[in-house]
Amino acid sequence: AQKVTQAQTEISVVEKEDVTLDCVYETRDTTYYLFWYKQPPSGELVFLIRRNSFDEQNEISGRYSWNFQKSTSSFNFTITASQVVDSAVYFCALSEVLDSSYKLIFGSGTRLLVRP
Amino acid sequence: AAGVIQSPRHLIKEKRETATLKCYPIPRHDTVYWYQQGPGQDPQFLISFYEKMQSDKGSIPDRFSAQQFSDYHSELNMSSLELGDSALYFCASTIRALNTEAFFGQGTRLTVV
């Protein structure tokens, strides 16, 4: 079965705290993509990162970093020094077929609230 | 830069009516994906098109149909609307051969009353 689990339904932090959003996935394929999207209150889906299954190198982009571990089927997302503008729902997603790479299976999302 | 355009942004329909949602992909993008996101839910894949042919199908009800036209825009037609069809409908586009990231439109919020 293909599945993405985001066990944290909602997280609340105070501004400037670091926060990690967990994502665990299940797939039978050896070739797949993993994604993170941000959905602010305005509703649009904002692409954050795509990682293919052959690349386990961690990535950092500004205050954002991602930790991909195939051994534990996890793709966790950390926001350093969180800001109020980071408040949103964050979705982790999986796609299994490289030539149809946007048939995405989403997790249920984690709502992040950053308080001033 | 041009983005994926969805129209209308908001739509209110009554039960049993029909609705047509439109998606204009980024120029030169040949692949379109449709997703449905119910209130408080994650987006669910409905259907995709590549070069005007249906390429994949997800949990799309039989009451819904879609197509991609010669100019690559796509339309999602929804008939006999039900209250449960109220959702945010996203379209995304990409260039299949380049396997680039897909860009999502801002979505159409459909409310069925």
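What you see is a predicted model; the values in this text were computed from it and never measured.

Novice: Describe the overall build of chain B, with residues and values.
Specialist: Along its length, chain B carries zero helices and 11 strands. If you list the helices and strands of chain B from N to C, you get β-β-β-β-β-β-β-β-β-β-β. Against the compact-globule benchmark of 13 Å for 113 residues, chain B has a radius of gyration of 13 Å, which places it among compact chains. For chain B, the spread of C-alpha atoms along the three principal axes comes to 40 × 25 × 25 Å.

Novice: Describe the state of the cysteines, and please don't skip the residues or the numbers.
Specialist: Evaluated as defined, the whole model comprises two disulfides over all chains. The disulfide that involves A:Cys23 links it to A:Cys92, with 1.9 Å between the sulfurs. Its S-S torsion of approximately -65° makes the covalent link between A:Cys23 and A:Cys92 left-handed. Taken together, the residues A:Cys23 in the loop between β3 (19-21) and β4 (24-26) and A:Cys92 in strand β10 (residues 88-95) connect sequence positions 69 residues apart. Judged on exposure class, the residue A:Cys23 and its partner A:Cys92 are both buried. Each sulfur of the disulfide joining B:Cys23 and B:Cys91 lies 1.7 Å from the other. In this structure, the disulfide formed by B:Cys23 and B:Cys91 twists by about -55° around the S-S bond and is classed as left-handed. Remark: B:Cys91 occurs in strand β9 (residues 87-94) and B:Cys23 occurs in strand β3 (residues 19-24); sequence separation between them is 68 residues. With a relative accessible area of 0%, B:Cys23 lands in the buried category. Taking the relative accessible area as the measure of exposure, B:Cys91 reaches 0% and is therefore buried.

Novice: An account of the interface of chain A and chain B is needed here, citing residue identities and associated values.
Specialist: The interface of chain A with chain B comprises 19 residues on the first partner and 18 residues on the second. Across the interface of chain A and chain B, roughly 1,600 Å² is buried in total on both sides, 51% from carbon and sulfur atoms. By the criterion of area lost to chain B, the three top residues of chain A are A:Leu45, A:Tyr102 and A:Lys103, representing 34% of everything that side buries. Here chain A is connected to chain B by one salt bridge. Where B:Asp56 meets A:Lys103, a salt bridge forms, and the shortest distance between an N and an O atom there is 3.6 Å. Between chain A and chain B we count two residue pairs in polar contact (both at pLDDT 80 or more) in total. Put simply, the parts of the chain that give the side of chain A that touches chain B at least two residues each are β5 (33-39) and β6 (46-52) of chain A.

Novice: With reference to specific residues and values, describe the packing of aromatic side chains.
Specialist: Counting across every chain of the model gives 19 aromatic pairs over all chains. Each member of the aromatic cluster is reached from another via a ring pair, and the members are A:Tyr33, A:Phe35, A:Tyr37, A:Phe47, A:Phe91, A:Phe106, B:Tyr33, B:Tyr35, B:Phe45, B:Phe90 and B:Phe104.

Novice: I'd like a rundown of the environment of B:Gln106, residues and numbers included.
Specialist: All names here are of chain B. Among the structural elements, Gln106 can be located in the loop between β10 (103-104) and β11 (108-112). The exposure class of Gln106 is partly exposed, given its relative accessible area of 43%. Sequence separation between Gln106 and Arg9 is 97 residues, and the spatial gap between their C-alpha atoms is 7.7 Å. Within the local environment of Gln106, its side chain forms a polar contact with the side chain of Arg9, the two groups lying 3.1 Å apart.

Novice: I'd like a description of the pattern of salt bridges, backed by residues and values.
Specialist: Enumeration according to the criterion identifies eight salt bridges over all chains in this entry. For A:Arg63, the salt bridge is made with A:Asp86, and the minimal N-O distance between the two is 2.8 Å. In this pair, A:Arg63 sits in the loop between β7 (59-61) and β8 (64-69) while A:Asp86 sits in the loop between β9 (74-79) and β10, placing the two residues 23 residues apart along the sequence. A salt bridge links B:Glu51 to B:Lys52; the shortest N-O distance between them is 3.9 Å. Overlapping salt bridges, with partners in common, bring together A:Arg51, A:Asp55 and A:Glu59 in one network.

Novice: Describe unusual backbone geometry, listing the residues and the values that go with them.
Specialist: Residue and element names in this part refer to chain B. Residue Pro8 is reached from Ser7 by a cis peptide bond, and omega for that bond is -10°. Position of Pro8 relative to the elements: it lies in the loop between β1 (5-7) and β2 (10-13). The residue Arg28 is not glycine, and still its phi comes out positive at about 75°. Within the secondary structure, Arg28 sits in the loop between β3 and β4 (31-37).

The rules behind these values
Residues numbered from 1 in each chain as written. Chains lettered and ligands numbered in written order. Predicted model: local features only at pLDDT ≥ 70, side-chain atom pairs only at ≥ 80, totals over all residues. Heavy atoms only, no water. Helix = DSSP H or I, 4+ residues; strand = E, 2+ residues; numbered from the N terminus. Rg over C-alpha atoms; globule rule 2.2 N^0.38 Å. Disulfide = S-S within 2.5 Å. Buried < 20%, exposed > 50% of the residue type's maximum accessible area, 1.4 Å probe, protein only. Contact = heavy atoms within 4.5 Å. Buried area = accessible area lost by both parts, 1.4 Å probe. Salt bridge = Lys/Arg side-chain N within 4 Å of Asp/Glu carboxyl O. Polar contact = N/O pair within 3.5 Å; in protein donor to acceptor, adjacent residues only side chain to side chain. Phe/Tyr/Trp six-rings, centres within 6.5 Å; stacked < 30°, edge-to-face > 60°.

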